[in-house]
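Summary of structural features
Residues per chain, in single letters:
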Amino acid sequence: MPTLVNYSGDDEFYSGSSCYPNQGLFGSYVDVYCPPSKRARISAPFSFEGSFLEQVSKPSIEVLPDECLFEILRRLQGGKERSSCACVSRKWLSMLTSIRRIEMPSKLENEVVSSSDVDMISSDEDQELKSDGYLTRCVVGKKATDTRLAAISVGTSSRGGLGKLSIRGSNTVRGVTDVGLSAIARGCPSLKSLSLWNVPCVGDAGLYEIAKGCPMLEKLDLCQCPSISSRGLMAIAENCPNLTALNIESCSKIGNDGLQAVGRFCSKLQSVSIRDCPLVGDHGVSSLLSSASLVLSKVKLQALNITDFSIAVIGHYGKAITNLNLIGLQNVSEKGFSVIKNAQGLQKLVSLAITSCRGITDTSLEAMGKGCVNLKQMCLRKCCFVSDNGLVAFAKAATSLESLQLEECNRVTQAGIVGALSNCGTKLKSLALVKCMGIKDITSEVSMPSPCRSLRSLSIRNCPGFGSVSLAMVGSLCPQLQDIDLSGLYGITDAGILPLLENCEEGLVKVNLSDCFNLTDEVVIALAKFHGGTVESLNLDGCRKITDASLAAIAEDCLLLRDLDLSKCAISDSGISALSNANQINLQVLSLSGCSDVSNKSAFFLKKLGETLVGLNLQHCNSISSRTVELLVESLWRCDILA
C-alpha cells in the first residue's frame, strides 16, 4: 500500500467499488439516509460497477453505508493511519477530505503529531516548513488536480496544518475545480495564504468554502480566474477579517461590490493590487481606499477604468500609504494628479512609480513633488508629456528625494538631467536613465552648475544619444560616485569615461561597461590605477577591444575584485595566466562566455583560480573541449560551471 499522501507522482489511486450508484469527490453523488443522531451525510462518494449480486461478494468493508465508513474514518488515530487509508481508493480519500477537524473526537483533534506521522506523509517536493510552523505547497500544470488537493488536505493536517497554497495552472483533462478547493477548506483550517493562477474551473463556490473553512486567511492572490465573481470575494471579506494582502489580476467578473466588501470588513488590509479588471471602477476603488485608509500602505492600480475621482480619494485618504504604483490609467487627467498637492493625504508616501499615464505632465509632476513631502523614490516610465521643465521643477520641490529613475521619457534632454542634478538638494543618491531617446550629446560649451555631491549611483542604460562629452560633464558634476552602469552606451569612447574615472573621489565599487564597444584597455588600466583598491564588480561584456593588457592591470591592482565578466572580449590564455598569478586577487565569479581565443591551455590557470571561484561561465568558448570542461568540473567541485 502506498504510504505517501502528499506524493509527487501522478494522481493514481485504486478505484474501490460500492453497491450505491452515486457520485462524490471523484465520482457520482446520491442522497444517503442518515439517522438524526448523526451528522447528515447529504452526499458520499461511490462508483457503481456490476450487478448487485456481484457487489455482495465484495469484502464486507466495501458494502458499509457511507455514514458507517465516515464514523470509522473520523476516529482514526494519527496522521499515519489517515494517510494510509487515504491511499486505498478515491472513495476513501474523498471521505477523509469531507471530515472537518471539528468533527473528530476532541482527543484526536488536539493530538500531538509523532515523528512517525511526519515520516509517513513527507514528500520530496514543496516541503518548506515555514517559521510559523505551517507547511507550504505549490502545484503546477498537469499536477494541479482535485485529487492532488485532496491528498494535500489529508497529508498536511497531521503536520501542523497547511499555511500556504499556490496553484499555478490546471490539468487540462481533470483540473482543479470547486471540489478540490472545498477539500482544502475542510482539511486545512490553518491556511493563511492562497494563490490561484489560471484556474478557470474554480468559481465562487470554491472560494466560499475557503471563506468558511479558513478564517485565518491573510493573503489572497487571484490571477486569471474568470469564474470567480464579486460574490466569492464578498464571502472572503465577510469571513476572513485577518486579510492583509489582496491581489486581483485579469478577473473579468470581479467588480465594485467585491472591493466594497473588502473595504468594509477587512480592517487589517495593508497591501492591495488590482490589474486589468474591466468591472472595477471609481466606486469600488474609492470605497476600498477610503475604508481601509488607516493601515493600507501598499497600493498598485493598473489598467483600470478609473478617473480623477479615484486619484483624489488616494490623495485625501491615503494617509498610511508608503508605496504607490500607478500603471496605464488612461482616464486620469492632469487635474487628478494635481489634486495630490492640495489634498495633503500622502504625507507618508516614500516610493512612487508611474507608468504610461497621460495625466502626468510638467504641471502635475511638480504638484506631486510638493504634495509628497517625504517622497524618497520616484520612477517615471513612458511618461511622454514630461519635459525638462517638469523634471527640474520636481527636483526642486521633492526635497527628500533619494532615488530618481526615468525610463522612455523621451522629452527629457541633457539639459533636464543637468538641471535636476544641480537642483535636487543634498539627498539624491541614485539616478537612473533607461532608453531616454531625447538625450543627445552636448555639441557646444555650457556653464557648469554646482556639483551634486550626494549622488552615489549613476545608471545610464541604452540611451544611444548619450556620448562622451555628456558623460565627462556628468562625471564632473558627481564626484562622489561609487556605482556606475553605462551598459549599452556604444557611442562613448575613452575620452568620455576617463575624466569620470579621474573625478570620482570616493573610489568606485561596481562598474558595468557592457556593450560599450569603443572602449579600450586604456580605460581598464585607468580604472585599476585609480580604483583598484575599492572595485568589487566589473562587467566588460561585449567590449571587443579589451585584451590581455587589461587582465594584467586587474591582476596587479584590483585586490578586492570578486565578480569579473569578460564575455566576448579579445582575451586569450595569456590573460587568464596573468590573472591566476595575481598575489591577492580573490575572484568568486568569472565569465568567459564567447571568448574564442581562450583554449584548453587555460585549464591549469582556471584551476589555480578555483580555490575561491563559486561561479565560472565557459559558454560558447569553442576552443575549450568538452573533456577539459569535464576535468574542470571534477577538480572545481565547489564551483558552478556553465559550459
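Residues numbered from 1 in each chain as written. Predicted model: local features only at pLDDT ≥ 70, side-chain atom pairs only at ≥ 80, totals over all residues. Heavy atoms only, no water.

The name given to the chain in an unreviewed UniProt entry is F-box domain-containing protein, with the source organism recorded as Cannabis sativa.

A word on the pattern of salt bridges
Counted only if it meets this: Throughout this description, the term salt bridge denotes a Lys or Arg side-chain nitrogen within 4 Å of a carboxyl oxygen of Asp or Glu. What counts as a helix is a DSSP run of H or I of at least four residues, what counts as a strand is a run of E of at least two, and both are numbered from the N terminus. Per-residue accessibility, obtained with a 1.4 Å probe over protein chains only, is compared with the maximum for each type, and a residue is labelled buried under 20%, exposed over 50%, and partly exposed between these values.
In the structure shown here, the tally under the stated rule is seven salt bridges. For K370, the salt bridge identified is with E366, shortest N-O distance 3.3 Å. Residue K370 and its partner E366 are both found in helix α15 (residues 362–371); the two are separated by four residues, about one turn of the helix. Residue K370 is classed as partly exposed on the basis of its relative accessible area of 38%. The class of E366 is partly exposed, set by a relative accessible area of 28%. Between R627 and E630 there is a salt bridge whose closest N-O contact spans 3.2 Å. One end of the pair is R627 and the other is E630, both in helix α24 (residues 626–635) and three residues apart, which spans about a single turn. Overall, E630 belongs to the partly exposed group, its relative accessible area being 40%.

A closer look at α24
Let me state the cut-off plainly: Working definition: the arc comes from the directions between the helix axis and the C-beta atoms, pointing outward to the latter. Here, two residues are considered to be in contact whenever any of their heavy atoms come within 4.5 Å of each other.
Buried within α24 are the following residues: T628, V629 and L632. Within α24, the buried residues cover an arc of 100° as seen down the axis, which keeps them to one side. Looking at α24, the residues exposed on the side facing more than 90 degrees away from the buried face are S626 and E634. Looking at the buried side of α24, the elements it contacts are α23 (603–609) and β20 (640–642).

Remarks on empty space enclosed by the protein
Keep this limit in mind: Definitions used throughout: a 1 Å grid over protein atoms alone; a cavity as a set of points that fits a 1.4 Å probe which cannot get out; a pocket as an open set with protein on both sides within 12 Å along at least five of seven lines; a lining residue as one with an atom within 4 Å of a point. Grid points are joined across faces, edges and corners, and a volume is the space filled by probe spheres set on the points. Classes in brief: Ala, Val, Leu, Ile, Met, Phe, Trp, Tyr, Cys and Pro nonpolar; Asp, Glu, Lys and Arg charged; the others, Gly included, polar.
Enumeration according to the criterion identifies two cavities of 30 Å³ or more in this entry. Its boundaries defined by the atoms lining it, the largest cavity holds a volume of some 70 Å³. Along the walls of the largest cavity sit L391, A395, L401, L404, L406, I417, A420, L421, C424, L428 and L431, which together make up its complete lining. Elements supplying a minimum of two residues to the lining of the largest cavity: α16 (388–397), β11 (403–407) and α17 (414–423). Counting residues per element, the lining of the largest cavity draws most heavily on α17, which supplies three residues. Residues belonging to the lining of the largest cavity are distributed by class as follows: 11 nonpolar, no polar and no charged.

As for the packing of helix α10 (residues 230–239) against helix α11 (residues 256–265)
Under the convention used in this document: Angular values range over 0 to 180 degrees, each being the angle between N-to-C directions of two axes fitted as lines to C-alpha atoms, with helices fitted over their stretch in contact. Just so you know how the angles are binned, under 35 degrees is roughly parallel, over 145 roughly antiparallel, 65 to 115 roughly perpendicular, and the rest oblique.
Running from N to C, α10 and α11 cross one another at 5°; their axes reach a closest spacing of 8 Å. Classed by the angle they form, the pair α10 and α11 counts as roughly parallel. Note on element contacts: α11 touches α10 through D257, G258, L259, A261, V262 and F265, opposite S230, L233, M234, A237 and E238. Counted by class, the contact of α10 with α11 contains seven nonpolar, two polar and two charged residues.

Considering the side chain of N512
Rules: In the analysis that follows, any N or O atom pair within 3.5 Å is treated as a polar contact, provided that within protein one partner can donate a hydrogen and the other can accept it, and provided that, for residues neighboring in sequence, both atoms belong to side chains.
Among the structural elements, N512 can be located in strand β15 (residues 510–512). According to the relative accessible area criterion, N512 is buried, its value standing at 18%. There is a polar contact of 3.4 Å between the side chain of N512 and the side chain of D485. Excluding residues that lie within four positions of it along the chain, N512 makes contacts with I484, D485, L486, S487 and N539.

Thoughts on the packing of aromatic side chains
Our working definition: Here is the rule: rings of Phe, Tyr and Trp (six-membered ring for Trp) pair when centre to centre is within 6.5 Å. Planes less than 30 degrees apart are stacked, more than 60 are edge-to-face, and the remainder are tilted. Charge over a ring is defined by NZ of Lys or CZ of Arg lying within 6 Å of the ring centre and within 35 degrees of the ring normal.
Using the criterion set out here, one finds two aromatic pairs in the structure. Relative to F517, the ring of Y490 lies with its centre 6.3 Å away and its plane at 10°, an arrangement referred to as stacked. Within this pair, whereas Y490 is found in the loop between β14 (483–485) and α19 (494–503), its partner F517 is found in the loop between β15 and α20 (521–531), the two being separated by 27 residues in sequence. Judged by its relative accessible area of 29%, F517 falls in the partly exposed class. Arranged with centres 5.7 Å apart and planes meeting at 75°, the rings of F604 and F605 form a pair that is edge-to-face. Since its relative accessible area comes to 18%, F605 is described here as buried. Cation over ring: R168 sits above W197, and NZ or CZ is 3.9 Å from the ring centre.

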